[in-house]
Amino acid sequence: MSELHVINDLMDEDRFWELIEKTLTTAVKHSDDVGKQQQMQCEALAQALKKLSWQENLEFANRFTQVHAQLYRQDLWCAAYIMRGGCSNDGFIDFRRWVISKGRAIYEQALIDPDSLIDISHPDPDYDYYAFEDFGSYIVAEVFQELTGQKIYPYRGESHPERRLELAWDYNDNESMAAICPKLAAKYLTE
């Protein structure tokens, strides 16, 4: 193994999404249960990352950080708040991981229109389906440590610090949320 050093490169976008989508396909093929699917998707991602070099693992981690940061928007937080029946800072982190776990098409459509998430919403609005804490960065950190014996953080590329968002909606005002995500509000918000 070559000497560990900081990797700033991002994994090729197509390759990154191909890995994510293969893990999702594996998970959905093996179970109808959402909890089991998430566990299976984590296991499939870990197995895929173990086949890569430590450098490629860092490139994956850097790309994951980038796409995760791109979802840090007030309109997507509104969607998360509506879909989850409330959404803290940590909850929004987990929600964004969930969006990424659903693949490139869902991710890109959510960036265009957060209300599009209605198309993959769970039939039971009380179900805590819209969070996936374990997906992504935790897995790559574990695999990197297994491959190298080192923690990943000193070798990661540029971080994407999250600034404070100015919200165009108020969690106490259903109308303000419905203005941003009318379809989601119609399904989840009750007076």
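Since this is a predicted model, take the numbers as computed values, not measurements.

Q: What is the right way to look at the pattern of salt bridges in this model?
A: Tallied over the full model, the rule gives eight salt bridges. Across the salt bridge formed by Asp75 and Arg73, the nearest N and O atoms sit 2.7 Å from each other. Between Arg104 and Glu108 there is a salt bridge, with the nearest N and O atoms lying 3.0 Å from each other. Of this pair, Arg104 and Glu108 are both found in helix 6 (residues 104–112), four residues apart, which corresponds to roughly one turn of the helix.

Q: Would you explain the packing of aromatic side chains in this entry?
A: Remark: the centre distance and the inter-plane angle together describe each pair of aromatic rings, the angle taken between the planes. Counted according to the given criterion, the structure contains 20 aromatic pairs. When the ring of Trp98 is compared with that of Tyr129, the centres are 5.5 Å apart and the planes differ by 75°; the resulting orientation is edge-to-face. Remark: Tyr129 occurs in the loop between helix 6 and helix 7 (137–148) and Trp98 occurs in helix 5 (residues 89–101); sequence separation between them is 31 residues. Among the aromatic side chains, those forming a connected cluster through ring pairs are Tyr72, Trp77, Phe92, Phe95, Trp98, Tyr129, Tyr130 and Tyr188. Taking NZ or CZ as reference, Arg96 lies 4.8 Å from the ring centre of Phe92, over its face. We note Arg97 situated over the ring of Tyr138; from NZ or CZ to the ring centre the distance is 4.7 Å.

Q: Which parts of the structure should I look at to understand the side chain of Ser31?
A: Its place among the elements puts Ser31 in the loop between helix 1 (13–30) and helix 2 (34–50). Engagement of the side chain of Ser31 in a polar contact is seen with the backbone nitrogen of Asp33, the distance being 3.0 Å. Setting aside residues up to four positions removed in sequence, Ser31 forms contacts with Lys36 and Gln37.

Q: What exactly am I supposed to notice about helix 4 (residues 74–84) here?
A: Along an α-helix, residues three or four apart share an orientation, since each turn contains 3.6 residues. Of all eleven residues in helix 4, nine are buried, a share of seventy percent or more. Inspection of helix 4 places Asp75, Leu76, Trp77, Cys78, Ala79, Ala80, Tyr81, Ile82 and Met83 among the buried residues, and these make up the whole buried set. On its buried face, helix 4 sits against helix 5, helix 6, helix 8 (174–180) and helix 9 (182–188). Once helix 4 finishes, Gly85 follows within two positions and takes phi at roughly 70°, a positive value.

Rules behind the numbers
Residues numbered from 1 in each chain as written. Predicted model: local features only at pLDDT ≥ 70, side-chain atom pairs only at ≥ 80, totals over all residues. Heavy atoms only, no water. Salt bridge = Lys/Arg side-chain N within 4 Å of Asp/Glu carboxyl O. Helix = DSSP H or I, 4+ residues; strand = E, 2+ residues; numbered from the N terminus. Phe/Tyr/Trp six-rings, centres within 6.5 Å; stacked < 30°, edge-to-face > 60°. Lys NZ or Arg CZ within 6 Å of the ring centre and 35° of its normal. Polar contact = N/O pair within 3.5 Å; in protein donor to acceptor, adjacent residues only side chain to side chain. Contact = heavy atoms within 4.5 Å. Buried < 20%, exposed > 50% of the residue type's maximum accessible area, 1.4 Å probe, protein only.

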